[in-house]
Amino acid sequence: MIEATNILEQYLESNSIFAEGYLAEDIKNKNWSALFYIIYAIKNFSNNVRLKEKIRLLAQKRGVEDNNNDVRRNYENQLVEFHALYVLTEKMKYNFIDFDISSVKQCAKIGSNCDILVEKDEKYYFVEAKQSSTELMLKSFNSEYNLIDINKPVWPDELGKYIKRLVKEGEDKGCDFLVLQVPKWGLPNLSIDALSNFLKQVSADITYMNGNWYWPIKDTHITKLIFLKELVYWEIGIPETQCLS
């Protein structure tokens with residue numbers, strides 16, 4: 001662990017990056033659950049020219065002045081890209097190509113970028129990674145007025161609406177995969193029964209067939225939802241889509 005955090009600290013120093021805010025706090029506290037993904041990216045993709053800028057953004061204290069929750073939201077939104085990169089390359093065995101690439105899909109809006117581009121079997125996939133920043137901000141605001149319990153997860157039916165909004169955003173960017181990290185959802189363990197009960201509450205349209213999850217969502221070219229939970233993940237395929245290029 002000490003050796004691993006040294007890798008990050010040496011990278012920051014050699015690239016003249018000063019850690020502020022939550023990255024500085026995570027380094028100080030040796031928060032392995034966050035630092036692991038950053039260190040993995042440095043160890044495996046340090047030659048990528050955009051990685052330094054990604055880590056520089058992560059190290060900055062960005063957000064609305066005097067709004068600590070907004071600073072945390074920006075930090076976690078940046079961190080989820082490193083988490084997605086780890087799962088895509090280490091767990092799912094895709095080859096990393098680059099960060100912040102414009103999709104070639106016809107549905108992509110001009111000037112938009114996808115967070116990550118990966119490749120497998122000579123086919124390229126545009127990926128957008130999202131974190132539950134909406135939930136984070138909502139709970140912080142409502143807790144001030146005792147409207148909801150900030151320690152309880154968001155209701156599953158609200159998750160269904162939230163995910164579909166993110167699918168629409170990903171569609172506008174022309175991505176193939178949408179990666180979602182939702183630490184505050186209170187997700188069950190990954191047993192089929194527990195996960196099935198949970199996902200049925202998210203949407204009655206989600207089905208489990210032949211060892212795979214499916215969720216028909218209209219009007220999207222996205223073919224796969226990838227959910228992150230620490231070092232593991234699960235997928236939900238979106239059937240009957242046609243990717244245009």
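Keep in mind it's a predicted model, so treat the numbers as computed, not measured.

Turning to the overall build of the protein, a few remarks are in order. Looking only at helices and strands, the protein features eight helices and eight strands. Within the span of the protein, comprising 245 residues, buried residues form 49% of the whole. Within the protein, contacts between residues separated by at least 24 positions form 62% of all contacts whose residues are at least 6 apart in sequence. Here the protein displays about 13100 Å² of accessible surface, and carbon together with sulfur accounts for 47% of that area.

Among the nonpolar cores identified, the biggest contains 45 residues, and Leu 8, Leu 23, Ile 38, Ile 55, Leu 88, Ile 116 and Ile 226 are the most heavily contacted of them. Counting 26 residues, the second largest nonpolar core, distinct from the first, contains Ile 101, Phe 126, Leu 180 and Trp 234.

Moving on to unusual backbone geometry. Phi is positive for Asp 100, which is not a glycine, with a value near 50°. Among the secondary structure elements, Asp 100 is positioned in strand β1 (residues 95–101). The backbone of Asn 210 shows a phi angle near 50°, a positive value even though the residue is not glycine. When you line up the elements, Asn 210 lands in the loop between β5 (207–209) and β6 (212–214). Asn 210 gets classed as exposed once you look at its relative accessible area, which sits at 79%.

Once that is clear, we can look at the pattern of salt bridges. All chains considered together, the criterion is met by 12 salt bridges. A salt bridge links Lys 105 to Asp 176, with the shortest nitrogen-to-oxygen separation between them at 3.1 Å. One end of the pair, Lys 105, is in the loop between β1 and β2 (114–120); the other, Asp 176, is in the loop between α7 (156–173) and β4 (177–181), and 71 residues separate them in sequence. Across the pair, Asp 176 and Lys 105 agree in class, each one buried. One salt bridge in this structure joins Lys 173 and Glu 128, with 2.8 Å as the shortest N-O distance. Of the two residues, Lys 173 sits in helix α7 while Glu 128 sits in strand β3 (residues 123–131), which places them 45 residues apart along the sequence. By relative accessible area, which is 25% here, Lys 173 ends up partly exposed. When salt bridges that share partners are traced, they join Glu 128, Lys 130, Glu 169 and Lys 173 into one network.

Glancing now at the pairing of strand β7 (residues 224–229). Buried residues dominate β7, accounting for five of its six residues. With five bridges joining them, β4 and β7 adopt parallel strand pairing. By the bridge assignment for β7, Leu 180 is matched with Phe 227. Note: β7 against strand β8 (residues 232–237), six bridges, orientation antiparallel. Paired with Leu 225 across the strands is Ile 236, a residue of β8. What sits between the antiparallel neighbours β7 and β8 is a turn of two residues, in which Glu 230 has the positive phi angle 55°.

Conventions adopted
Residues numbered from 1 in each chain as written. Predicted model: local features only at pLDDT ≥ 70, side-chain atom pairs only at ≥ 80, totals over all residues. Heavy atoms only, no water. Helix = DSSP H or I, 4+ residues; strand = E, 2+ residues; numbered from the N terminus. Buried < 20%, exposed > 50% of the residue type's maximum accessible area, 1.4 Å probe, protein only. Contact = heavy atoms within 4.5 Å. Areas by Shrake-Rupley, 256 points an atom, 1.4 Å probe, with all protein chains shown as cover. Core = buried A, V, L, I, M, F, W, Y, C linked by side-chain atoms within 4.5 Å. Salt bridge = Lys/Arg side-chain N within 4 Å of Asp/Glu carboxyl O. Pairing = 2+ DSSP bridges.

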